[in-house]
Amino acid sequence: MKLSVQIDSLSAVGSQIEGLQIINAKMVTEGRGTVRELYRQSSYSEILPSTVSAWSQVNLTRTQLGAVRGLHGEAMSKLVTVAYGSALGAYVDTRPNSKTIGAVVTVRLTPGIQVFVPQGVCNGFQALDDNTEYLYFFDNEWAPGMAGVALSPLDPGLNIDWPIHIDPNNREQISEKDSKAPSLNEVLDLLSSKKRKD
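About the thresholds
Residues numbered from 1 in each chain as written. Predicted model: local features only at pLDDT ≥ 70, side-chain atom pairs only at ≥ 80, totals over all residues. Heavy atoms only, no water. Salt bridge = Lys/Arg side-chain N within 4 Å of Asp/Glu carboxyl O. Buried < 20%, exposed > 50% of the residue type's maximum accessible area, 1.4 Å probe, protein only. Pairing = 2+ DSSP bridges. Helix = DSSP H or I, 4+ residues; strand = E, 2+ residues; numbered from the N terminus. Axes fitted to C-alpha atoms, helices over the stretch in contact; angles between N-to-C directions. UniProt positions renumbered as here; feature names shortened; annotations may be inferred. Contact = heavy atoms within 4.5 Å.

1. A few points about the pattern of salt bridges
It is possible for side chains bearing opposite charge to pair when their charged atoms get close.
Now for step 1: Inspection of the entire model under this criterion finds seven salt bridges.
Now for step 2: Across the pair E37 and R40 runs a salt bridge, and its minimum N-O distance is 2.9 Å.
Now for step 3: The partly exposed category is assigned to R40, whose relative accessible area is 43%.
Now for step 4: As a salt-bridge pair, E74 and K78 come within 2.6 Å of each other at their nearest N and O atoms. Of the two residues, E74 and K78, neither departs from the other in class, the shared state being buried.

2. Describing the sheet that holds strand 9 (residues 87-93)
Now for step 1: The strand order 10-9-12-7-14 describes an open sheet built from five strands, whose pairing is antiparallel. Two strands close off the open sheet at either side, each with one partner strand: strand 10 (104-109) and strand 14 (148-150). Neighbour-to-neighbour, the strand axes of this sheet turn through a mean angle of 20°, independent of strand direction.

3. Considering unusual backbone geometry
Now for step 1: The residue N131 is not glycine, and still its phi comes out positive at about 60°.
Now for step 2: For N131, a relative accessible area of 33% puts it in the partly exposed group.
Now for step 3: Look at N159: it is not a glycine, yet its phi comes out positive at around 55°.
Now for step 4: Summarising the element assignment, N159 is placed in the loop between strand 14 and helix 2 (176-179).

4. A short note on the UniProt feature "active site" (unreviewed entry) in the chain
Now for step 1: Per the UniProt record, the feature "active site" (unreviewed entry) sits at H72 and Y136. Of the residues just listed, which span 65 residues, no C-alpha pair is farther apart than 12.5 Å, and they cluster in one region.
Now for step 2: When you line up the elements, H72 lands in strand 7 (residues 68-74).
Now for step 3: In this structure H72 touches K78, V121, C122, N123, V149, A150 and D178, once residues within four positions along its chain are discounted.
Now for step 4: Here Y136 is to be found in strand 13 (residues 132-138).
Now for step 5: Accessibility expressed as a relative area gives 11% for Y136, which makes it buried.

5. Considerations on the environment of L135
Now for step 1: With respect to the secondary-structure elements, L135 resides in strand 13.
Now for step 2: Along the chain, L135 and D93 lie 42 residues apart, while their C-alpha atoms are 21 Å from each other.
Now for step 3: Residue contacts for L135: discarding those within four places in its chain leaves L38, V58, N59, L60, L79, V80 and T81.

See below:
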């Protein structure tokens, strides 16, 4: 008996944040299941900027339903996706010289949907299933004290409609560091005053 095979090709679309790409990974599905091509350099070279030539670190987090991680914008570009479960990904442009500084984009992430997050764009997510596995590819290795920006995912100015209510005092749902991170306006004011001094 011949199995029917469905092939979904790699594709990408831009977003309201300059350089942030929403990617549908190549997937091959047949009777036994699905194979997802998470990364192939020759294919992704047409989507990602030339500054991203290799991944230096790969992390996988497992997160409980309703919990939030981020918003973090370290000095690294990221390719993120969900390996298991689903999440609402949230991305905020905090790059001082970006045409889209302050822009916010949300993406419903399921296996096969990826987001390329340029360096300086904050990345965070809320798990929409128990044991959601969120996968990060980084073009630089993380190091303590690495340059970057953090934003509070609770900042009402971001207007992110988190699907599950976030209790700022529930440490099983959000870390103290993330809940007490600055607002977007505070970060933009700080960046603006730095620019004036330079």
